[in-house]
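Structural characterization, general
Each chain is listed here by its residues.
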Amino acid sequence: MSEPMNQPAADRADDPDEGSFVDDVYEPRPGGRRRKRRGVSGCLPVLIVLAVLGGLLYVGVTQGVDFVKDQFGEAEDYPGPGSGQVSFEVSSGDTATDIGRNLKDQGVVASVDAFVSAANAEPKAGGIQVGFYALKKEMAAEDALAILIQPANLVSNAITIPEGLRVVDILDILVEKTDFKRGAFVKALAQPGKLGLPGYAEGDPEGYLFPSTYSFGPKETPASMLKAMVDRWKQAAEDANLESAAAELGLTPHELMTVASLVEAEGRGDDMPRIARVIYNRLADPSGPTVGKLQIDATVNYALDRSLVAIPTSEDLKVDSPYNTYEVVGLPPGPIEAPGDAAIQAASKPADGDWLFYVTVDLETGETKFTESYDEFLTYKQQLRDYCANESDRC
């Protein structure tokens with residue numbers, strides 16, 4: 001049976017099958033049905049849920065505003081020009097973001113975004129070179145970038161080590177050009193394993209500190225400088241296929257390096273491969289005119305611990321030393337100086353020829369004459385004497 005249409009509205013609202021927007025807190029009315037009292041205990045969970053939702057909404061809106069500010073707001077930047085000094089390093093593989101982060105960490109720029117924005121607007125930013133730069137605290141990002149994109153602003157101590165120097169001579173240059181004392185370099189040389197010397201060097205760095213120009217940053221140590229020279233030697237050895245070439249020539253790699261040092265001491269330019277061949281020809285013919293002796297002046301000077309370009313006297317040639325190639329058959333025990341790329345290449349790939357002698361007849365131009373005849377060799381020696389008589393300052 002359907003409910004009478006004239007039922008009071010309040011009664012219909014209390015019906016669980018009907019929706020109602022009237023207050024649900026009621027008192028029982030006389031003569032009517034007892035109303036259910038639901039009160040505060042029924043509302044509390046709803047209020048808690050609404051409070052939580054409101055808090056989440058606030059946090060979400062706040063974070064959203066921060067996100068928008070980060071993405072679209074103006075990046076924080078210092079006005080510059082900055083103050084103090086910061087030694088800043090750009091490492092290999094650093095991106096603009098990496099650089100910006102490191103700049104911010106060191107207090108150079110105010111934000112990573114400011115630096116990245118400046119870098120994105122600068123075409124030269126991709127050419128920032130690895131190394132150290134002198135910057136300031138609290139610089140404008142564009143000002144910091146302007147310094148980093150100029151290679152001339154790299155902070156380094158450029159040191160040139162010429163070819164043909166002994167270890168003792170190389171240390172002289174390093175002590176002169178750096179703030180380190182000689183003892184610091186000597187101590188580093190006493191730990192050859194840390195320098196990366198090859199095993200066949202047997203701990204002796206002679207010949208393995210490669211001649212080149214090095215740019216040493218402010219954080220370099222004596223050990224790292226010397227290691228850089230050994231690392232550069234490794235590159236030269238790899239370029240010359242040193243170990244394979246030594247095997248083909250019937251030598252150890254250390255012996256080939258010894259030959260390269262002799263070539264460096266005796267020749268220059270295009271003459272080097274021919275000088276290497278003379279050395280190999282003498283070694284291969286112990287019964288020939290030189291009876292297997294190399295007879296190289298520079299080895300005698302090395303034995304006497306003096307400049308390798310000095311002209312030995314007859315008395316000098318009698319010095320008792322395994323490095324005196326006028327007395328000892330075969331190669332000296334090891335390199336006598338640091339050979340460069342050309343000398344290592346020449347020792348690895350000597351020229352073809354039967355020469356046994358050579359004489360540099362003009363010390364200014366380096367003109368060198370080669371022969372397999374001992375008599376012709378004596379003629380060239382006289383030409384050198386005549387040259388020295390007229391050019392005594394070069395002899």
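Residues numbered from 1 in each chain as written. Predicted model: local features only at pLDDT ≥ 70, side-chain atom pairs only at ≥ 80, totals over all residues. Heavy atoms only, no water.

Counting residues in each nonpolar core, the largest one holds 60 residues, and the members touching the most others are Leu174, Leu226, Met229, Val263 and Ile344. With seven residues, the single largest contributor to this core is helix H9 (residues 222–239). Contacts of Leu226, omitting those with residues within four sequence positions, involve Leu171, Leu174, Phe185, Ala188, Leu189, Leu195 and Leu209. Of all hydrophobic cores here, the second largest spans 21 residues; its members include Val86, Ala114, Phe115 and Leu148. (Core = buried A, V, L, I, M, F, W, Y, C linked by side-chain atoms within 4.5 Å. Buried < 20%, exposed > 50% of the residue type's maximum accessible area, 1.4 Å probe, protein only. Helix = DSSP H or I, 4+ residues; strand = E, 2+ residues; numbered from the N terminus. Contact = heavy atoms within 4.5 Å.)

Once that is clear, we can look at the confidence of the model for the protein. With 81% of its residues at a pLDDT of 70 or more, the protein shows a mean pLDDT of 83. By mean pLDDT, the top-scoring element of the protein is helix H10 (residues 242–249) (98), and the lowest-scoring one is helix H1 (residues 9–13) (38). (pLDDT = per-residue confidence, 0-100.)

A full pass over the atoms with the stated rule returns 11 aromatic pairs. Where Tyr214 meets Phe216, the ring centres are 5.7 Å apart and the plane angle is 0°; that geometry is what we call stacked. You can call Tyr214 buried: its relative accessible area is 8%. Classification of Phe216 by relative accessible area gives buried; the value is 4%. Look at Tyr358 and Phe370: their rings are 5.8 Å apart centre to centre, the planes differ by 35°, and that puts the pair in the tilted class. You can see Tyr358 sitting in strand E6 (residues 357–362) and its partner Phe370 sitting in strand E7 (residues 367–371), a full 12 residues away along the chain. (Phe/Tyr/Trp six-rings, centres within 6.5 Å; stacked < 30°, edge-to-face > 60°.)

Two side chains bearing opposite charge may form a pair once their charged atoms approach each other closely. Taken as a whole, this structure holds nine salt bridges when the rule is applied. Where Lys219 meets Glu89, a salt bridge forms, and the shortest distance between an N and an O atom there is 3.9 Å. Taken together, the positions of Lys219 in the loop between strand E5 (213–216) and H9 and Glu89 in strand E1 (residues 83–90) put the pair 130 residues apart, joining distant regions of the chain. Glu89 sits in the partly exposed class, given a relative accessible area of 32%. Its salt-bridge partner being Asp172, residue Arg182 comes within 2.7 Å of it at the nearest N-O pair. Of the two residues, Arg182 sits in helix H7 (residues 182–189) while Asp172 sits in helix H6 (residues 167–177), which places them 10 residues apart along the sequence. Since its relative accessible area comes to 30%, Arg182 is described here as partly exposed. Taking relative accessible area as the criterion, Asp172 reaches 39% and is therefore assigned partly exposed. Shared partners join several salt bridges into a network, and the residues in it are Arg166, Asp169 and Asp305. (Salt bridge = Lys/Arg side-chain N within 4 Å of Asp/Glu carboxyl O.)

Next up on the list: H10. Side chains three or four residues apart in an α-helix point the same way, a direct result of the helix having 3.6 residues per turn. When we look at burial in H10, the residues that qualify are Leu242, Ala245 and Ala246. Mapping the buried residues of H10 onto a view down its axis gives an arc of 100°, with all of them on the same face. Opposite its buried face, H10 presents the exposed residues Glu243, Ala247 and Glu248, each directed more than 90 degrees away. (Arc of directions from axis to C-beta.)

Turning our eyes to something else, we now look at the sheet that holds E1. Taken in spatial order, the three strands line up as E1-E2-E3 in an open sheet, and their pairing is antiparallel. With partners counted over all chains shown, the strands left at the sheet margins are E1 and strand E3 (154–155), one partner each. One ladder, built from six bridges, connects E1 with strand E2 (residues 131–137); its direction is antiparallel. Residue pairing across strands places Phe88 opposite Tyr133, the latter belonging to E2. Those strands touched by helix H5 (residues 141–148) are E1 and E2, and its axis lies near 155° from that of E2. (Pairing = 2+ DSSP bridges. Axes fitted to C-alpha atoms, helices over the stretch in contact; angles between N-to-C directions.)

What follows deals with the pairing of E7. Pairing geometry for E6 and E7, over five bridges, is antiparallel. Looking across to E7, one finds that Phe357 is bridged to Thr371. With antiparallel pairing between neighbouring strands as the criterion, E6 and E7 make up a hairpin whose turn holds four residues, including Gly366 at a positive phi of roughly 80°.

Attention shifts here to the layout of surface pockets. Considering only enclosed or pocket space, the largest pocket measures out at about 1400 Å³ in volume. In terms of lining, the largest pocket is formed by 43 residues, of which the most central are Glu266, Asp297, Ile311, Leu363 and Leu384. Breaking the lining of the largest pocket down by element, the ones donating at least two residues are helix H11 (253–266), helix H13 (297–303), E6 and helix H15 (374–390). The greatest single-element share of the lining of the largest pocket, amounting to six residues, is contributed by H15. (1 Å grid on protein atoms, 1.4 Å probe; cavity = no way out; pocket = protein on both sides within 12 Å on 5 of 7 lines; lining within 4 Å. Points joined across faces, edges and corners; volume = space filled by probe spheres on them.)

Quick look at unusual backbone geometry now. The omega torsion across Gly80 and Pro81 is 0°, close enough to zero to call that bond cis. The residue Pro81 is located in the loop between helix H2 (39–72) and E1 in this model. For Glu138, which is not glycine, the phi dihedral falls at a positive 55°. Judged by its relative accessible area of 44%, Glu138 falls in the partly exposed class.

Following the sequence through the fold, Asp271 ends up in the loop between H11 and helix H12 (272–284). Among the residues examined, Asp271 registers a relative accessible area of 11% and is labelled buried.

What follows covers helix H3 (residues 96–105). Buried within H3 we find Ile99, Gly100 and Leu103. Summarising the axial view, the buried residues of H3 lie within an arc of 100°, below the 170-degree limit, and thus occupy one face. Those residues of H3 hidden inside the fold are in contact with E1, helix H4 (112–120), E2 and H5. Immediately downstream of H3, the backbone of Gly107 shows phi near 75°, a positive value.

Once that is clear, we can look at the environment of Ala237. Here Ala237 is to be found in helix H9. On the accessibility criterion, Ala237 (10% relative accessible area) is buried. Residues Ala237 and Tyr208, spaced 29 residues apart in sequence, show a C-alpha to C-alpha distance of 9.9 Å.

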